[in-house]
Amino acid sequence: MKKNMITGSKLWSIAMITSLLAACSSPATTSTTANAATSTTGTTKTVSVSEQTSVKYADLVSLDADDTNISWSEADSTAIKLNGTTATVTGSGAKAANGSVTITEAGTYVLSGELTNGQIVVNVADKGTVHLVLNGATIHDNDSAAIYIQKAGKAVITLEKGTKNTVSDGKTYVYADATTDEPDAAIFSKTDLTFNGAGQLTITGNYNEGITSKDDLKIISGNISVKAADDGIKGKDMVAIQAGTITIEAEGDGIKSTNDTDTTKGFVAIAGGTLDIQSGNDGIQAETALVTDGGTYNIVTAGGSANAPAKVEEGPFGGGGGGWGGGTPPTDMGTPPDGEPPADMPEIPNNSGTNAGANTNGAAASSSTNTTATTNTDTNADADTAATATESTSAKALKAGTDLTVNGGTYTIDSMDDSLHSNNNVTVNDGTFNIESGDDGIHADQELTINGGTITIAKSYEGLEGATITLNDGDVDVTASDDGVNAAGGETETTANTAASTDSATTATDATTTSNISVTETTGTTSTTDQTSQGTDANQQGRGPGGMGAASNNEFHINGGTLTVNAGGDGLDSNGSITMTGGTVIVNGPTDNGNGALDYDGTFEISGGYLVAAGSSGMAQGTSDASTQNTIVMTFPATQKAGTLVNVQDSEGNNILTFAPAKDYQTVVVSSPDLKKDGSYVIYSGGKSTGKSVDGLYTDGTYSGGTKVVAFQSTSNVTWVNESGVTTANTGMGGPGGGRGQGGFGGGRNRTQSGTTSDSTGTTDSAK
């Protein structure tokens, strides 16, 4: 949950657990389930401002005729036949001398044969295009780049169909003087560089990088395999991949762009292709934007999630609180109901294991005093690591300095660090993801927006994290050892939010703040709703001692799609507020009483969709009284075993909920369009259902055989019940504010539900 936190059984010395019913109640009457999880909100569509405009490959990358030109003829080209340490040139524009070939004129050059220790140099004074065709060529240079493009308008390397080509360098480079530090890659270009064709190219960068361009780097097609001592493929102004099969094994970053001075450059854009990347640092790292339209990706960083350092939560005053390593939860993903840590909870490690900051790799200039020739060994590739030994490694799979946009593709990711990460915004419009992360599954420093796709985060420390999180559509399944969804971080608390915690009347009428605005479209009519009045609802919980943990401006919006969460910490966590207008959300929350299936510091307003959240009872929260859709919060007298069905039906036997939580639980929250404020309901435990179960939620079929726990009359928008009937909301110490230690005690657990009563109004069947 990445927040200041008090744990231990002392907080729970006054337990809320009551004894089980003295005897079994009569069996439940049969109930026919009628698509309990299906919900609609009429023609109303709510779109948050966090929904980013989609950026695609074509918006960033333009191709000219040279980029796609793969044709050549013997009559119109110069042939370069490589032979050991020499070469034969047939045609104009190139000369061979001292084991190297220098090209000085624009044109097409066809290379074949093997150069065992030499260099292909392009040094064209004008702005013409040099077209190199690798037609079965093997090129190796012992002490410099094998292909060095010093000067040209553009260089295009075509991989001739049906050929295998190899380019490599040595572990030691010789430079002219101590101030020179390039070239530093097996293929190095100071100008725009494009690869195309249908042949194969194997590149081994023994010294540092595999491929480097100091301007644009484009891959149009081809089968390219890179093994590098540092970065695999690096372009300064852009790396653009149209198609092809690319395999990278790099000690540093797999693919990266580096321009950090021009915000219109420094991006990585991928239209498609097949990319298999194993990297020591980031898999794909863009200095600015990262855009993927499609393709198939298999990315492993730093050996995968199993190598992630242990996570340690801070105590309430900065001390270590506890955690587990590599995002791997204990076997039961929780603690026993009495709050004591389980036997398999790891001991607190000595370091926090925080993964922060990118590792900028690159060869440094040699400091040798030799004035005629400087020898730089392969340790140069590790110079950056040595210089930044005190910094943690960035080993993210997809990483953007500004915005990360995914428009499609298939992604299999096993990352030591975040799997998808942006220092600004992340937008997922489509795609299929299978993620195992040692830290966050998807992280945005600012806005995380999911508009579609199928996202399975099978392993993570926190599943989804961002200052503002919006789920508009898609199918998202999250497993996290800490929080499943965490709306935290980002910009500091706004004036409007401060006002919300001190003067609700002023905040409600303040129309100048626009940080928390959503647009509601109803049959063509658009209106705006200011949500900065968070914290004014009578249903908002207390803030704990000293007023710590006031609600921030973080938000989590659920407008559609499906979200399934299995969390060891909080299921849905917001340092600010949560709104839900549609979709289906299933939460299997914590088993320990120091976390909750729902945890928010502002309000949780629900107006549509279907919500079920099961977890422990100690920090349980429901939705807010300001909601227009009704909610039931049921607390059982004792912890229920995983898989034990919970059934809620109305007085006529219509099914509202049939759910089998994946873990032990004591509290269940359900909100459905079928719930009425003044309805009569019965809750059953156990039994069976003939319906179809998806993530534990049953649709259709018939429920029977359960034990009646309680029958009651709903009394308000949010009705809290236990085995005795309607009761008041959960009370206790305020929960920790979410988000990397930024909050305090908040999450407000001390609240009184308006419209509820402390008198028991329900009935419980006794044994017969």
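Attention here is on the structure that accompanies the text. Quantities reported herein were computed from a predicted structural model and do not represent experimental measurements.

Description of the nonpolar core
By size, the foremost hydrophobic cluster in this structure holds 101 residues, and its most contacted members are Phe195, Ile284, Leu420, Leu563 and Leu572. If you tally residues by element for this core, the top one is strand β9 (residues 129–141), at five residues. Setting aside anything within four residues of it in sequence, one finds Leu420 in contact with Leu398, Leu404, Val406, Ile413, Val428, Phe433, Ile435, Gly441, Ile442 and His443. Counting residues in hydrophobic clusters, the runner-up holds 24 residues, among them Tyr610, Ile632, Ile656 and Leu675.

Regarding the environment of Thr564
Looking at the secondary structure, you find Thr564 in strand β46 (residues 562–567). We classify Thr564 as buried; its relative accessible area is 8%. Taking the C-alpha atoms as reference, Thr564 lies 9.5 Å from Thr456; in sequence the two are 108 residues apart. Non-local contacts of Thr564, meaning those with residues more than four positions away in its chain, are made with Val476, Asp477, Val478, Ile586 and Asp695.

Section: unusual backbone geometry
Trans is the common state for peptide bonds, and a negative phi is the common state for residues other than glycine. Residues Glu182 and Pro183 are joined by a peptide bond in cis, for which omega reads 10°. The residue Pro183 is located in the loop between β13 (173–175) and β14 (185–189) in this model. Phi is positive for Asp695, close to 55°, though the residue is something other than glycine. Locating Asp695 in the fold gives a position in the loop between β59 (692–694) and β60 (697–699). Judged by its relative accessible area of 38%, Asp695 is partly exposed.

Notes on the pattern of salt bridges
In the structure shown here, the tally under the stated rule is 11 salt bridges. The closest approach of N and O atoms between Lys234 and Glu209, which form a salt bridge, is 3.3 Å. Separated by 25 residues along the polypeptide, Lys234 in strand β20 (residues 233–235) and Glu209 in strand β17 (residues 209–213) bring together distant segments of the chain. Owing to a relative accessible area of 0%, Glu209 belongs among the buried residues under this scheme. For Asp231, the salt bridge is made with Lys256, and the minimal N-O distance between the two is 3.6 Å. Of this pair, Asp231 sits in the loop between β19 (223–228) and β20 while Lys256 sits in strand β23 (residues 255–257); the two residues are 25 residues apart in sequence, bridging distant segments of the chain. This pair shows no difference in class: Asp231 is buried, exactly as Lys256 is.

Side note on the pairing of strand β34 (residues 410–415)
As a general feature of sheets, a regular strand has side chains that alternate between the two faces. A one-sided burial pattern is seen for β34, the buried positions being Tyr411, Ile413 and Ser415 and the unburied ones Thr410, Thr412 and Asp414. Bridge analysis of strand β28 (residues 296–301) against β34 gives six bridges, and the strand direction is parallel. By the bridge assignment, Asn298 is partnered in β34 with Thr412. The pairing of β34 with strand β37 (residues 432–437) spans six bridges and is classified as parallel.

Considerations on the packing of aromatic side chains
Enumeration according to the criterion identifies nine aromatic pairs in this entry. Relative to Tyr411, the ring of Tyr297 lies with its centre 4.4 Å away and its plane at 10°, an arrangement referred to as stacked. Here Tyr297, found in strand β28, pairs with Tyr411, found in strand β34; they are 114 residues apart in sequence, far enough to count as distant. Both rings, one in Tyr411 and one in Phe433, keep their centres 4.6 Å apart while their planes meet at 5°; by these two values the pair is stacked. Of this pair, Tyr411 sits in strand β34 while Phe433 sits in strand β37, placing them 22 residues apart in sequence. Phe433 gets classed as buried once you look at its relative accessible area, which sits at 1%. An aromatic cluster is present here, built from Tyr173, Tyr175 and Tyr207 joined pairwise through their rings. Between the NZ or CZ atom of Lys311 and the centre of the ring of Tyr461, over which it lies, the distance is 5.6 Å.

Reading guide: rules and limits
Residues numbered from 1 in each chain as written. Predicted model: local features only at pLDDT ≥ 70, side-chain atom pairs only at ≥ 80, totals over all residues. Heavy atoms only, no water. Core = buried A, V, L, I, M, F, W, Y, C linked by side-chain atoms within 4.5 Å. Buried < 20%, exposed > 50% of the residue type's maximum accessible area, 1.4 Å probe, protein only. Helix = DSSP H or I, 4+ residues; strand = E, 2+ residues; numbered from the N terminus. Contact = heavy atoms within 4.5 Å. Salt bridge = Lys/Arg side-chain N within 4 Å of Asp/Glu carboxyl O. Pairing = 2+ DSSP bridges. Phe/Tyr/Trp six-rings, centres within 6.5 Å; stacked < 30°, edge-to-face > 60°. Lys NZ or Arg CZ within 6 Å of the ring centre and 35° of its normal.

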